[in-house]
Structure formats: C-alpha cells, structure tokens
Amino acid sequence: MIFPEDFVWGAATASYQIEGAVKEDGRGQSIWDTFSHAPGNVANGDTGDVACDHYHRYQDDVGLMRELGLAAYRFSIAWPRIQPDGWGSINPRGLAFYDRLVDALLEADISPYVTLYHWDLPQGLEERGGWTDRDTAFRFADYAQAVHDKLGDRVGDWATLNEPWVSAYLGYGNGVHAPGQRDPAAAMRSAHHLLLGHGLAARRLRDGGARRIMLVVNSAPVLTPAQVNDPAAVPGEADAAAVHRIHTLLTRQFLDPAVNGTYPAEVLEAAERNGGAGHIKDGDLELINAPIDLVGVNYYNPCVVESGPGLPADAAWPGSEGVRFATADAPTTAMGWPIVPDGLSRLLVRLSRDYPRVGLMVTENGAAFEDVVENGRVHDADRVAYLNGHLREVWRAIEAGADLRGYLVWSLLDNFEWAEGYRRRFGIVHVDFTTQTRVLKDSAVWYRDVIARNGL
Ligand code: LGS
C-alpha cells in the first residue's frame, strides 16, 4: 500500500503535555496548572510542572524527529507564555521559545504545524469567565494574530483550536478537564464562544497571509453496538435517532457552523433547553464561517450508542436525553477504549462527503498500552498493530475518494495525559520521567520505515 506522493507523515504533541518549565521566561498560569494542582483532579496528583522538559530539550527532540524522517510536526503554543494573563502586551521571551523551535524544525527539514489552542487557557481569562465569556473569543483572536505576526514568515500551517468539543464539554460540562466546571448551560455557551474565537482567529490568520488554516476536531463515527462489528447492520428507528443525535452533537455542532455557516436545529434546541440560546448573536455564524482549508481529525475510537428511553442527558452531552452510551465488542487499549480501525475509514469517507469544501488531515491517532522497558528497548507490538491497522484504513479511505492530505501520530513522546497523568503512555518514543531519557519504541522504528517507504 503506497500512499500519494505528497502525503504528509508526522507526529503531534501539545504544549502543556510536554513542555514543563511552567514558571520560566515570564509564563503565566494556565487553567491546567490550577486544575492539576488541586487534589483529586489528576491520577496520582501528577502535574505538567516538568512533563518531558521539552522546553529545555527541544533540540534533542527535534533530533529524534529528524531521525524518524518526519515531514511534519504538530505542536501547540502555550497562550500564557505569550500573554501571561491572556490579554495585553506580548511576552517576547515566551514567543522566543517557539521562534527557536520553528527554526530548529526548518533546519531539520520538518514542516511546523502550529496549534494555537490546545487547552491551556490563561488563568487570568478563566477568572473573567473563561470560554463561557464572549470576550475570550476576541482575546483569542488577538493572541492568534500576535503569534502569526512573529512566526507567519516561516509557518504555513495553522490550526486554531484543538477539539473544541472537549474544551467545552469536559471542561465546563462534566468537569473531568480544566477548569472543572459542571454546568450544561456553561458548556454550551463555551462551545459557541470557542467557535467564535476560531472564526475570528481564522480571519486574522488569513489576513496575515497564512497558507493553510484548519480546525481540529475529535470526530468519530457514531455507531450502534451491532454496527461496530458489521458496517452493513441497519439500526432500527429509535437507535438510528440516537446515532443521529450524537453525531450532531459531536461533529455537526462544530463543522456545520465552521464549514457551512449553519447550526443544526438540534443544537439550537439543546441550547434552548440548557440556559437559552441568547449567547448566539446575529452575525456570529458569518464570523464563525471564515474560510478554512482543512479539517483536522483526531480519531481514537468510535462512539457507541443506542436508544435509552427515559434516560437523562449525560453531563458531557447536553441534548443527549434518551441516548444510552454503550460499549463495543472489541479489544481495548490501556485507556479501555475499543480498537476499531475501520472506524477511521468510515469516518473519513463520511466527512469528505459531508464537507466537500475542505480537505482532511488525520491530526491525531494513536494508543496507550502498558509499555515495558527491557534492556533499553520497548517492544510495543500492540502499538505497531494499532498504527498499522489504522494506516491501512487511511489508505482505504483515500482509495474510496476521501480528500486526505496527511497523518500525524499521537504522540511523539510519552507525556502528561491530562486527567490520567503520566500513567498512560501514548508515545512512539518512551520517556523515563525520572531521568528524562528518551528511547525509540519498536513503533517508532516501524513508523520510520513506513515514512521512508511512503506506505505499508
Ligand atoms: O493526549 C490527548 C489524546 C489522547 O487521547 C490529546 O491531547 C487530545 O487532543 C486527544 O483528545 N487525545 C485523546 N483522545 C481520545 C478521546 C477518546 C474518548 C473515548 C471515550 C470512550 C469510548
């Protein structure tokens, strides 16, 4: 299976998960500093204080990327390094880090893919309401422009937000992520303000001459338990309605406004039932609908649902009344997530059909397993199998006509896995968090060969 000639191979990370150096060079506090330091929020009380110490070791890490032959590296910028409180003057020492990183990547012939927001909101903005407050969208656009002004001469590929569904619904809905609020109305408001911030920032990036702009979403195929194992299974009416509702809340809620400038009726209804839709102002949809080039798709597993008559909405899913979240009959990763490789091709083909105006890129795919270091090596056959299985499906999706430009593995390094802390390892490079030693896992060596061959 050989991939298209210009297919982009790479890896992804995010600032809070790898950088450490949380008090260095004028960095302000983020909501994840606050959240991880409050007892009970993160497994083992882990925090991102040191993480992979990438802030100090970025040159070595770029060296690893070069060794693997990556063509692209997706990383995110920590907003509180650029504006410690989230607004006002720019901290040049914070920007300088990313400036050095970009230069090191270009030197190694690796294209930087910059994500502007991967969840580390400045705490100062949270204190003014965070994403529940409309003003945060405008502050985000200012920040995006400041970063583009500095890096835009060398960075062509820009993502505004990573997974706004997660920011809104895990951050403000079920409280599993920072800032840890539990309020469906706040979550729905946040989702809209995130979208508004995306649109405002996308316009500024475009005006500044950005080459490619994308929005990264945690989309997934929504399937009944029967459909997981049999793509041809036809659900009954009630199950089909549950599938449609969750697909709308997960994917259409974000891509319909961003790509087409419309909100699905079900989303507006859910807002009406959760605090009202008054936060959606006239003209917002036009702003959100700023032209973008690509949708970034982060895929890990399908979302499995069926009809659940009389069930209340899940805390992370306002509008999901009457839906039961079910389990798939499939093997699982160390996170307990089902491994369903063909979910990826089903998803990509559908998104390409539903949103023909934009190209697609897999901006994250990967898995956590219980890795063991033996004589300085990590034989992660399960991760190789996971990646191999999913890459076959990427290839199949391209064959089926999906407009897919590239694939980025999550993640380059083992890192701070949010509420799971360091116990869940997604890296293709193993990190010993006591010594900061990096070791290529078997999956990294395998991926290097895939890249060199441009195929499987
Ligand atoms: O590390 C994060 C990865 C790991 O798994 C990354 O920062 C995020 O962008 C992304 O959300 N990541 C991720 N997502 C998988 C979510 C799957 C939810 C499964 C629910 C159970 C069926």
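In every chain, residue numbers begin from 1 and rise along the written sequence. Where local features are concerned, this predicted model is filtered to residues with pLDDT of at least 70; where side-chain atom pairs are given and counted, the filter is 80 or more; whole-chain, interface and lining totals use all residues. Only hydrogens and water are set aside; all other atoms, that is, all heavy atoms of the structure, feed into the side-chain values.

Under an unreviewed UniProt entry, the chain has the name Beta-glucosidase and belongs to Nonomuraea jiangxiensis. UniProt positions are given in the numbering used here, feature names are shortened, and annotations may be inferred rather than shown by experiment. Under the Sequence similarities (unreviewed entry) heading, UniProt states for the chain: "Belongs to the glycosyl hydrolase 1 family."

Caption draft 1: Structural context of the sheet that holds strand 1 (residues 8–12). For two strands to be treated as a pair, DSSP must find at least two bridges joining them. A helix here means a DSSP run of H or I that spans at least four residues, while a strand means a run of E at least two residues long, and both kinds are numbered starting from the N terminus. Overall, parallel pairing links the eight strands, which are arranged 1-2-3-4-5-7-10-13 in a closed barrel. The sheet shows a mean angle of 25° between the axes of neighbouring strands, taken without regard to direction. Sheet topology places strand 3 (residues 111–117) next to strand 4 (residues 157–162); four bridges connect them, and they run parallel. Its bridge partner lying in strand 4, valine 114 is registered against tryptophan 158. When checking whether two residues touch, look at their non-hydrogen atoms; a contact exists if any pair is within 4.5 Å. Only the stretch in contact is used when fitting a helix axis, every axis being a line fitted to C-alpha atoms; angles between N-to-C directions are given from 0 to 180 degrees. The strands touched by helix 5 (residues 92–107) within the sheet are strand 2 (72–76) and strand 3, with strand 2 carrying the most contacts at an inclination of about 170°.

Caption draft 2: View of the site of the ligand. Only a single heavy atom is needed: when it lies within 4 Å of a molecule or strand, its residue is near that molecule or strand. What surrounds the ligand is a group of 14 residues, the closest being Gln17, Glu163, Glu364, Glu417 and Trp418. Whenever a nitrogen or oxygen atom comes within 3.5 Å of another N or O atom, the pair is scored as a polar contact, on the condition that within protein one atom can donate a hydrogen and the other can accept it, and that pairs from neighbouring residues in sequence are kept only if both atoms are in side chains. Histidine 118 is positioned with one of its side-chain polar atoms (N or O) 2.9 Å from an oxygen atom of the ligand. Here tryptophan 410 contributes a side-chain N or O atom positioned 3.1 Å from an oxygen atom of the ligand. Protein chains shield 73% of the accessible area of the ligand, which is 530 Å² for the free molecule. Only Asp, Glu, Lys and Arg are considered charged in this grouping, and only Ala, Val, Leu, Ile, Met, Phe, Trp, Tyr, Cys and Pro are considered nonpolar; every other residue, Gly among them, is considered polar. Each residue belonging to the shell around the ligand can be placed in one class, and the counts come to six nonpolar, five polar and three charged. Here, Shrake-Rupley sampling with a 1.4 Å probe gives the accessible areas, and only protein chains in the shown set may cover a residue.

Caption draft 3: Region of the structure containing the pattern of salt bridges. Within this document, salt bridges are pairs made up of a side-chain nitrogen of Lys or Arg and a carboxyl oxygen of Asp or Glu, the two lying within 4 Å of each other. The final tally for this structure, using the stated rule, is 30 salt bridges. Residues aspartate 135 and arginine 139 are paired through a salt bridge, measuring 2.8 Å at the closest nitrogen-oxygen approach. Of the two residues, aspartate 135 and arginine 139 are both situated in helix 7 (residues 135–151); the distance of four residues between them amounts to about one turn of the helix. Its relative accessible area of 30% is what places aspartate 135 among the partly exposed residues. Of the charged contacts in the structure, one is a salt bridge between aspartate 403 and arginine 405, with a shortest N-O distance of 2.8 Å. For arginine 405, a relative accessible area of 34% puts it in the partly exposed group. Bridged by salt links that share partners, the residues Asp371, Asp380, Arg383, Asp414, Arg425 and Lys441 form one connected network. A simple rule labels every residue: compare its accessible area, found with a 1.4 Å probe on the protein chains alone, to the largest value its type can have, and call it buried under 20%, exposed over 50%, or partly exposed in between.

Caption draft 4: Broad picture of the sheet that holds strand 8 (residues 303–307). Pairing is mixed across the open sheet formed by three strands, whose spatial order is 6-8-9. This sheet does not close on itself; its edge strands, each paired only once, are strand 6 (222–223) and strand 9 (323–325). The strands touched by helix 11 (residues 237–260) within the sheet are strand 6, strand 8 and strand 9, with strand 8 carrying the most contacts at an inclination of about 135°.

Caption draft 5: Quick look at the environment of asparagine 41. Within the secondary structure, asparagine 41 is located in the loop between helix 2 (31–37) and helix 3 (54–68). Linking asparagine 41 and tryptophan 418, residues 377 residues apart in sequence, is a C-alpha distance of 9.3 Å. Beyond its immediate stretch of four places on either side in the chain, asparagine 41 contacts Phe35 and Ala419. One polar contact links the side chain of asparagine 41 to the main-chain carbonyl oxygen of phenylalanine 35, over a distance of 2.9 Å.

Caption draft 6: Structural context of the UniProt feature "active site" (unreviewed entry) in the chain. In the numbering used here, UniProt assigns the feature "active site" (unreviewed entry) to Glu163 and Glu364. Considering the C-alpha atoms alone, the annotated residues occupy 202 residues of sequence yet fold into one spot, their largest mutual distance being 10.7 Å. Beyond its immediate sequence surroundings of up to four residues, glutamate 163 is in contact with Trp119, Val216, Val217, Asn218, Asn298 and Glu364. Topologically, glutamate 364 is positioned in strand 10 (residues 359–364). At a separation of 3.1 Å, a polar atom in the side chain of glutamate 364 contacts the side chain of asparagine 298.

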